[in-house]
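Chains, contacts and geometry: an overview
Each chain is listed here by its residues.
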Amino acid sequence: MSTEQKYDIIIVGAGAAGLSLATSIAESSELKDKRVLLLDQTKKSGNDRTWCFWEDGTGRYDDILTQSWKNVYFHSNYVSRRLGLSTYSYKMLRSNDFYEYTLGIIDASDNVTFAIDRVIDIDAQQGKVVCKDHTYVSDLVFSSKIPDAIDFSNYLYTDQHFGGWFVEFDNEVFDLEAATFMDFRIDQDNEHRFCYMLPLSARKALVEVAVFSNSHQTKEGYDSILKKYIKDYISTAPYSIEEREYGVIPMTNYPFWNHNNGKLYHIGTAGGAVKPSSGFAFRRIQQHTDEIVKCLISKRSINNSYKIFRGRHLLYDSIMLHVLEEQKIPGDKVFSDLFEKTDVDVILRFLDGDTSWNGDLQIMKAPAKWPFIKGMFKVISPLK
Ligand SMILES: Cc1cc2nc3c(=O)[nH]c(=O)nc-3n(C[C@H](O)[C@H](O)[C@H](O)COP(=O)(O)OP(=O)(O)OC[C@H]3O[C@@H](n4cnc5c(N)ncnc54)[C@H](O)[C@@H]3O)c2cc1C
């Protein structure tokens, strides 16, 4: 019979959120006395995703970034711009580098233990984490396992699904000084589709297509969009495909934190860290991690840390989702108006949910026929 092992904190899932939280605790002198267990069914290695995010100044993962840029391109059939970022840098981090770096910190730490085990059930009231091999107990459990049986039917929900290629050309075709943030010049096919491009050298780049819709492509579908995009907008010269990545990110105003219960709190995608209107999550995971650590140090309720996902920016996100999905306003037009009329740093700050009222106003008045008011009345009812 297996005995229950006790810890001060248990973290379920060693992905972006679990590893960020575990390493932040390991590196905090105030939390050195906390015995922490990090659990995952596998130990991540290799590159299973590439994160892009923007940051004001230096950041925690600057030493392991693949690349960063101070300029971005925006393209559509309405407008083409090369925009300089003033406060922000646009950063690219490959997950293999993140996993190696964070797992290294955990290996070296005295208070965080990593265990491979599959979580079968979490008893939120008892703080009991039942796994395939062992049962663990704690007064504080953080989980990045998405709760079972979520009913999204009363909420806005759209998948962001995408496919990408790391390509290498024989000749120099990329502007290494600028990443392509969004390029809407591809066939929209009644969806919201854009390509983005992250140059690693003048010959190498990650080129991805992202689609906001609930009908996914086959891998061949993404591949044929990428092939045409490269031919039409990058170069007709020969190139090789070094790696491919495909993925899905849920974009929804569903209040994931309502599943927090008793001793259990959710983090990462499972905790509502994905920005509903854009699918960006990596920076929000870092911001949430910082808030959780502050709560742990000051012994305040972890509930306080979820404030960063709520408030008026959740309402804006819901309106944006509604405008794109329910009112079927063309995404290329909405974003073109934004990028044509608004400072790019203000747009990025808004997408981060970090604008002042003045910044919000600049965003709202940018699109020519911004159906914000209509959207606002429609979305207020599902917000809880
Ligand atoms: C391909 C891809 C690219 C993305 N790119 C970006 C980007 O450029 N910028 C951005 O901001 N966001 C991006 N995202 C969104 C988001 O940042 C990532 O999904 C991020 O990895 C979410 O972190 P997480 O910890 O919530 O989930 P994950 O990183 O998926 O980690 C969850 C962990 O929980 C473990 N787990 C699940 N169930 C169990 C169980 N029963 N027992 C034990 N362990 C379990 C899993 O094995 C996994 O390791 C991307 C997402 C994907 C899928």
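Computed from a predicted structure; not experimentally measured.

This part covers the overall build of the chain. Assigned secondary structure in the chain consists of nine helices and 19 strands. Relative to a compact globule of 384 residues, whose C-alpha radius of gyration would be 21 Å, the chain shows 21 Å and is just as compact. Principal-axis analysis of the C-alpha atoms gives the chain an extent of 65 × 50 × 40 Å. Across the 384 residues of the chain, 41% fall into the buried class. Considering only contacts in the chain between residues 6 or more positions apart, those separated by 24 or more positions represent 73%.

This brings us to the sheet that holds strand β5 (residues 67–69). Overall, antiparallel pairing links the three strands, which are arranged β4-β8-β5 in an open sheet. Looking at the sheet topology across the chains shown, the edges are occupied by β4 (50–56) and β5. Each neighbouring strand pair of the sheet contributes to a mean axis angle of 25 degrees, computed without reference to strand direction. The pairing of β5 with strand β8 (residues 88–94) spans three bridges and is antiparallel. Following the sheet pairing, Gln67 is matched in β8 by Met92. Of the strands in this sheet, β4 and β8 are in contact with helix α2 (residues 95–108), which crosses β8 at around 80 degrees.

Taken together, 30 residues are adjacent to the ligand, and Gly13, Gly15, Ala17, Gly247 and Gly268 come closest. Among the elements of the structure, α1 (16–26), β3 (36–40), β4, β18 (239–252) and α4 (282–298) are those that each provide at least two residues to the shell around the ligand. In terms of residue class, the shell around the ligand is built from 15 nonpolar, nine polar and six charged.

Residues Ile10, Ile11, Ala22, Val36, Val207 and Val209 are the most contacted members of the largest nonpolar core, which totals 91 residues. For Ala22, the residues in contact, after removing those within four places along its chain, are Ile11, Val36, Leu38, Ile106 and Val112.

Below, the discussion takes up the packing of α1 against α2. Contact geometry for α1 and α2: axes closest at 9 Å, N-to-C directions at 40 degrees. Between α1 and α2, the interaxial angle falls into the category oblique. Note that α1 runs across α2; the crossing there is left-handed. Along the contact surface, α1 presents Leu19, Ala22, Thr23 and Ala26, while α2 presents Thr102, Ile105 and Ile106. A class-by-class count of the residues in the contact of α1 with α2 yields five nonpolar, two polar and no charged.

This next bit is on the domain arrangement of the chain. Reports often express the size of an interface as the amount of accessible area lost when the parts come together. Assigned domains of the chain: these are domain 1 (4–48 + 93–152 + 252–309), domain 2 (157–249) and domain 3 (312–380). Each of domain 1 and domain 3 has a C-alpha centre, and the two are 31 Å apart. Listed as interface residues are eight residues of domain 1 and, on the opposing side, eight residues of domain 3. Its residues placed into classes, the side of domain 1 that touches domain 3 shows three nonpolar, three polar and two charged.

Okay, the sheet that holds strand β12 (residues 135–137) next. Pairing within the open sheet is mixed, and its four strands lie in the order β1-β12-β11-β10. Lying at the two open borders of the sheet, with one neighbouring strand each, are β1 (4–6) and β10 (119–123). Between one strand and the next, the sheet's axes are offset by a mean angle of 20 degrees, whatever the strand orientation. Two strands pair when backbone bridges link them, and strand β11 (residues 128–131) and β12 are joined in this way by three bridges, in the antiparallel orientation. Each bridged residue has a counterpart across the sheet, and for Val130 the counterpart in β12 is Thr135.

Once that is clear, we can look at helix α7 (residues 344–351). Counting buried positions over the eight residues of α7 gives six, a clear majority of the element. Restricting attention to buried positions, one finds in α7 the residues Val344, Ile347, Leu348, Arg349, Phe350 and Leu351. Where α7 is buried, its residues contact β4, β6 (71–75), β7 (80–84), β8, α6 (331–341) and α8 (357–364).

Counting through the fold element by element, Gly311 comes out in the loop between α4 and α5 (312–325). Exposure remark for Gly311: the 10 C-beta atoms within 10 Å place this residue in the exposed category. Between the C-alpha atoms of Gly311 and Lys128, which are 183 residues apart in sequence, the distance is 32 Å.

The phi torsion at Ala149 lies on the positive side, around 50 degrees, for a residue other than glycine. With respect to the secondary-structure elements, Ala149 resides in the loop between β13 (141–143) and β14 (157–169). Given 4 C-beta atoms within 10 Å, Ala149 falls into the exposed group. One non-glycine residue, Asp189, adopts positive backbone phi at about 45 degrees. Position of Asp189 relative to the elements: it lies in the loop between β15 (178–183) and β16 (192–199). Here Asp189 falls in the exposed class, since 11 other C-beta atoms lie within 10 Å of it.

Right, let's get into the pairing of β14. Note that β14 and β18 share 13 bridges and pair antiparallel. The residue of β18 that forms the bridge with Gly164 is Glu245. As paired elements, β14 and strand β17 (residues 204–212) share nine bridges and run antiparallel to each other. Counted as the bridge partner of Glu168 is Lys204 from β17.

Cut-off values and rules
- Residues numbered from 1 in each chain as written.
- Predicted model: local features only at pLDDT ≥ 70, side-chain atom pairs only at ≥ 80, totals over all residues.
- Helix = DSSP H or I, 4+ residues; strand = E, 2+ residues; numbered from the N terminus.
- Rg over C-alpha atoms; globule rule 2.2 N^0.38 Å.
- Buried ≥ 20, exposed ≤ 12 C-beta atoms within 10 Å, placed from the backbone.
- Contact = placed C-beta atoms within 7 Å.
- Pairing = 2+ DSSP bridges.
- Axes fitted to C-alpha atoms, helices over the stretch in contact; angles between N-to-C directions.
- Near = placed C-beta within 6 Å.
- Nonpolar A, V, L, I, M, F, W, Y, C, P; charged D, E, K, R; others polar.
- Core = buried A, V, L, I, M, F, W, Y, C linked by C-beta atoms within 7 Å.
- Parallel < 35°, antiparallel > 145°, perpendicular 65-115°, else oblique.
- Left-handed = near helix turned anticlockwise from the far one by under 90°.
- Domains from an automatic or database assignment.

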